[in-house]
Amino acid sequence: MNVTLPLYKLVSTPPLIDGESQRGYLLRLAALNGYESINSLTAMADLEPNAARAAVIPILPLSPLLYRNDDELERLRTAFTNGVPTPTKPYLDLKSSKVCPLCVQEHGYYQQYWSLGHAIACPIHQCRPVTHCPDCGMKLSWSRPDLCVCRCEADFLTHEAPGYGNKAVLALLHLVHARCQQEWVDEARLAAERFPVDQLIALDLESLLKLIKKLGGQRPREGHYVAGLEGELVATAEALSDWPRGFHQYLDRVASSGNDAVSALGLRAQNERLYGALFKAGQRVTGCDFLFKAFCEWSGGRTQPARLHPCHLSAVGEQGPRYVGINKAAELIGVYVPTVRTLIKLGSVAAHPGGSGRGWLIDTHGGLPCKDATADSLIGREASRRLGLPESVLEELRRRRVFRVRTIPERSSSFCESDVAAFRDRFATGILASSGETEVCTLDEVLRKKLKGPEIAACLIKRVLDGTMPFALARDEALNQMRLPRQAVEAWVAEQKAHRACLTPYEASQLIGCDPLVIDDLIAREYLTFEDAGICRTSINAFRQQYTPLAVLAREAGTQSSRISRYCVDHDIPLLWAARRGKGAPQPFIHQQQLLQLEPLIGAPLLRACWFENNNNNEERAA
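Given the structure is predicted, the values throughout are model-derived calculations rather than measurements.

*Asks:* So what about the sheet that holds strand β12 (residues 534-536)? Which residues, and what values?
*Replies:* Taking strand neighbours across the sheet as the criterion, the three strands line up as β10-β12-β11 in an open arrangement whose pairing is antiparallel. Of all strands in the sheet, those with a lone pairing partner are β10 (502-503) and β11 (530-531), marking the two edges. Two elements, β10 and β12, share two bridges in a ladder whose sense is antiparallel. Of the residues in β12, the one forming a bridge with cysteine 502 is cysteine 536.

*Asks:* Hey, could you go over the packing of aromatic side chains for me, with residue numbers and the actual values?
*Replies:* Taken as a whole and judged by the stated rule, the model has 20 aromatic pairs. For the ring pair phenylalanine 247 and tyrosine 250, a centre distance of 5.9 Å and an interplane angle of 20° mean the geometry is stacked. Remark: tyrosine 250 and phenylalanine 247 occur in helix α12 (residues 245-254); sequence separation between them is three residues, near one turn of the helix. Both residues of the pair, phenylalanine 247 and tyrosine 250, count as buried. Grouped by ring-pair contacts, the aromatic residues Tyr275, Phe279, Phe292, Phe295 and Trp298 constitute a single cluster. Seen from the ring of tryptophan 142, arginine 144 lies directly overhead, with NZ or CZ sitting 5.5 Å from the centre. Positioned over the ring face of phenylalanine 415 is arginine 398, at 4.1 Å from the centre of the ring.

*Asks:* Give me the packing of helix α7 (residues 167-181) against helix α10 (residues 205-216): which residues, what numbers.
*Replies:* At a minimum axis separation of 9 Å, α7 and α10 run at an interaxial angle of 150°. In terms of orientation, α7 and α10 fall into the roughly antiparallel class. As α7 packs across α10, the resulting crossing turns out to be left-handed. Taken together, the residues of α10 that come into contact with α7 (itself represented by Leu172, Leu175, Val176, Arg179 and Cys180) are Leu205, Leu208, Leu209 and Ile212.

*Asks:* Lay out the environment of serine 241 with the relevant residues and their values.
*Replies:* Position of serine 241 relative to the elements: it lies in the loop between α11 (228-240) and α12. Its relative accessible area of 16% is what places serine 241 among the buried residues. Sequence-distant contacts of serine 241, that is, excluding residues within four places in its chain, are made with Glu193, Arg194, Phe195 and Gly246. Looking at serine 241, its side chain comes within polar contact range of the main-chain oxygen of glutamate 238, at 3.2 Å.

*Asks:* Kindly report on the packing of helix α24 (residues 505-512) against helix α26 (residues 537-546), identifying the contributing residues and their values.
*Replies:* Pairs of packed helices are described in terms of their axes, by the angle between the two and the distance that separates them. Relative orientation of the contacting elements α24 and α26 amounts to 30°, with a least axis distance of 10 Å. Here α26 runs roughly parallel to α24, going by the angle between their axes. Judged by the sense of rotation from one axis to the other, the crossing of α24 with α26 is right-handed. Contacts from Ala508, Leu511 and Ile512 in α24 reach Arg537, Ile540, Asn541, Phe543 and Arg544 in α26. Partitioned by chemical class, the residues of the contact of α24 with α26 number five nonpolar, one polar and two charged.

*Asks:* Give a detailed account of the side chain of threonine 236, specifying residues and quantitative values.
*Replies:* Relative to the assigned elements, threonine 236 resides in helix α11. Within the local environment of threonine 236, its side chain forms a polar contact with the backbone oxygen of isoleucine 212, the two atoms lying 3.2 Å apart. Residues contacting threonine 236, with those up to four places away along its chain left out, are Leu172, Leu211, Ile212, Leu215 and Gly216.

*Asks:* If you had to explain the nonpolar core to someone new, which residues and values would you point to?
*Replies:* Phe247 and Phe295 are the most contacted members of the largest nonpolar core, which has 97 residues in total. In terms of residue count, the dominant contributor to this core is α7 (ten residues). Counting residues in each nonpolar core, the second largest holds 49 residues, with Val335, Ala383, Phe415 and Ala458 among its members.

*Asks:* Describe in detail the state of the cysteines, supporting the description with residues and values.
*Replies:* Under the definition given, this model contains zero disulfides. Cysteine 122 takes part in no disulfide bond, and the closest cysteine sulfur to it belongs to cysteine 103, at a distance of 3.5 Å. For cysteine 122, a relative accessible area of 2% translates into the label buried.

*Asks:* Just give me the short version of the pattern of salt bridges, but keep the residues and values in it.
*Replies:* A full pass over the atoms with the stated rule returns 23 salt bridges. Between arginine 253 and glutamate 238 there is a salt bridge, with its nearest N and O atoms 3.6 Å apart. A residue pair is termed long-range when its members are at least 10 positions apart, and arginine 253 in helix α12 and glutamate 238 in helix α11 qualify at 15 residues. With a relative accessible area of 42%, glutamate 238 lands in the partly exposed category. The shortest N-O distance in the salt bridge between arginine 486 and glutamate 439 comes to 3.2 Å. Residue arginine 486 is found in helix α23 (residues 486-499), and its partner glutamate 439 is found in the loop between α20 (417-425) and β8 (440-442); the two are separated by 47 residues along the sequence.

*Asks:* Mind laying out unusual backbone geometry, listing which residues take part and the relevant values?
*Replies:* Each neighbour pair has its own omega, and for tryptophan 243 with proline 244 the value is -5°, a cis peptide bond. Examined against the element boundaries, proline 244 turns out to sit in the loop between α11 and α12. Non-glycine residue glutamine 126 carries a positive phi angle of around 50°. Within the secondary structure, glutamine 126 sits in the loop between α6 (101-107) and α7. Even without being a glycine, aspartate 572 presents a positive backbone phi close to 55°.

Thresholds, definitions, all that
- Residues numbered from 1 in each chain as written.
- Predicted model: local features only at pLDDT ≥ 70, side-chain atom pairs only at ≥ 80, totals over all residues.
- Heavy atoms only, no water.
- Pairing = 2+ DSSP bridges.
- Helix = DSSP H or I, 4+ residues; strand = E, 2+ residues; numbered from the N terminus.
- Phe/Tyr/Trp six-rings, centres within 6.5 Å; stacked < 30°, edge-to-face > 60°.
- Buried < 20%, exposed > 50% of the residue type's maximum accessible area, 1.4 Å probe, protein only.
- Lys NZ or Arg CZ within 6 Å of the ring centre and 35° of its normal.
- Axes fitted to C-alpha atoms, helices over the stretch in contact; angles between N-to-C directions.
- Parallel < 35°, antiparallel > 145°, perpendicular 65-115°, else oblique.
- Left-handed = near helix turned anticlockwise from the far one by under 90°.
- Contact = heavy atoms within 4.5 Å.
- Polar contact = N/O pair within 3.5 Å; in protein donor to acceptor, adjacent residues only side chain to side chain.
- Nonpolar A, V, L, I, M, F, W, Y, C, P; charged D, E, K, R; others polar.
- Core = buried A, V, L, I, M, F, W, Y, C linked by side-chain atoms within 4.5 Å.
- Disulfide = S-S within 2.5 Å.
- Salt bridge = Lys/Arg side-chain N within 4 Å of Asp/Glu carboxyl O.

If you want it as structure tokens, here you go:
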């Protein structure tokens with residue numbers, strides 16, 4: 001394009017600086033040539049007022065004034081002038097004006113970084129930009145005489161800019177600033193916040209801004225939510241700091257709500273909204289595969305477990321997923337699916353029921369047992385005789401996974417001889433160890449006392465293995481001959497009996513008024529807290545204050561629980577479905593907040609009366 005020298009050419013037309021925004025360059029020209037604002041330049045070029053107020057001012061009509069070469073004019077045609085691709089519209093804020101006076105004083109020009117909407121702070125001087133005049137209070141406009149001078153002639157450099165103290169956000173903005181201005185990235189600054197440095201540096205400006213928008217746009221399930229661009233930056237900085245722990249905590253905050261609302265077993269199905277926003281085809285940010293890998297790894301450490309789709313298994317690497325479905329577990333163990341259900345019931349395999357009470361997720365943490373039909377097996381009576389423990393205690397130890405099952409013999413309910421020997425060898429560390437007390441008692445003496453079931457005995461043996469209870473045992477002695485400090489054992493057993501802070505599953509079911517087979521599901525889903533000696537009474541009371549079994553209401557009201565559950569489904573009343581151990585339909589519970597919605601079916605007076613009466617009866621039965 002041939003540019004001819006007009007008669008009204010500007011007196012001073014300095015060259016364009018790399019990283020200088022278009023409007024900042026035009027405002028600098030207006031100030032150098034003594035004009036009041038950019039509007040004077042656009043008026044001289046006969047630009048319409050609407051064109052002058054556009055986000056990007058048309059540069060061709062201004063070319064006779066500027067008298068620049070073709071390359072510089074081409075660079076001025078876009079908002080970003082240093083060759084960096086201009087981000088798309090959602091990430092730009094070109095019409096409003098904000099400025100860091102210290103940057104203008106240091107560099108002498110208006111950086112295109114401030115054209116971004118997320119530029120809420122200066123990462124260099126760690127301060128907020130000036131958006132309103134400190135003297136007149138008016139919002140900053142591009143119609144002003146100089147970069148750091150307001151229309152009221154107030155000089156921004158004479159006022160101290162407010163500081164900004166969030167170091168994680170400043171580190172993230174430092175990367176945005178470096179990508180925008182094509183400057184050097186201080187990796188040490190990113191590493192100080194424990195960001196995934198290598199992955200973030202590989203992102204271009206558009207991908208980085210898209211990542212901030214998507215991570216910051218997810219609302220948490222509960223707690224305070226900071227809206228706006230600053231809230232997006234804060235949420236993204238928290239998600240990327242302390243990687244990957246910070247990202248996993250971020251996922252915990254924004255993932256699908258409530259265990260009772262999750263009925264799917266797959267990770268994607270449980271978090272459809274989050275998956276669709278971050279990882280769905282067409283929505284995934286380019287170069288952010290590291291996010292998806294951390295998302296898949298997060299599925300193994302949550303209170304609500306999930307399995308991965310086969311096409312996502314490559315994201316977790318060679319270690320494989322933590323949770324698998326029952327069909328995959330049967331393939332890995334080498335048995336049929338019904339046998340896996342039997343192993344779950346016995347405690348040989350750690351499993352979590354699905355949110356709706358249907359399906360199982362098998363926990364592979366620590367490895368799965370393998371099927372070996374040729375292995376030497378022992379029936380429960382023979383295994384307990386070899387170890388010197390009651391058969392009920394041995395089965396309870398297996399259910400609690402204190403007794404580790406590594407090999408499945410031909411009969412799944414039997415014990416493998418090698419597993420029994422390995423369990424006995426775990427007590428070798430206490431051989432002839434001194435308990436530190438003169439008076440001791442044997443484990444057989446403890447087991448002969450009334451301990452309210454095998455749970456307390458199994459817990460005592462677990463404490464021995466954990467090292468919290470000293471013991472002495474000869475190599476050729478049975479476990480029931482284990483010598484324990486009498487005073488410590490009696491005090492611990494008395495505490496379990498007297499305070500009864502922890503109850504057995506049967507006692508918990510009697511107190512709640514539900515089927516004992518659903519207690520395991522309530523524990524797995526963290527509605528009830530299971531401690532060393534049993535189920536915590538405080539968690540049982542908290543659950544009773546929130547949920548009521550439909551069977552209790554049906555019995556007291558003289559109706560059927562299926563009728564009440566159909567009524568709840570027809571009227572969109574949410575229910576909690578607890579899975580029964582083994583087979584059987586899940587048992588429904590209703591939340592106290594929805595209890596009075598059953599008034600048209602049962603009647604409010606009867607509803608209140610039967611509930612309070614049931615509470616008193618349950619207390620009496622538990623006592």
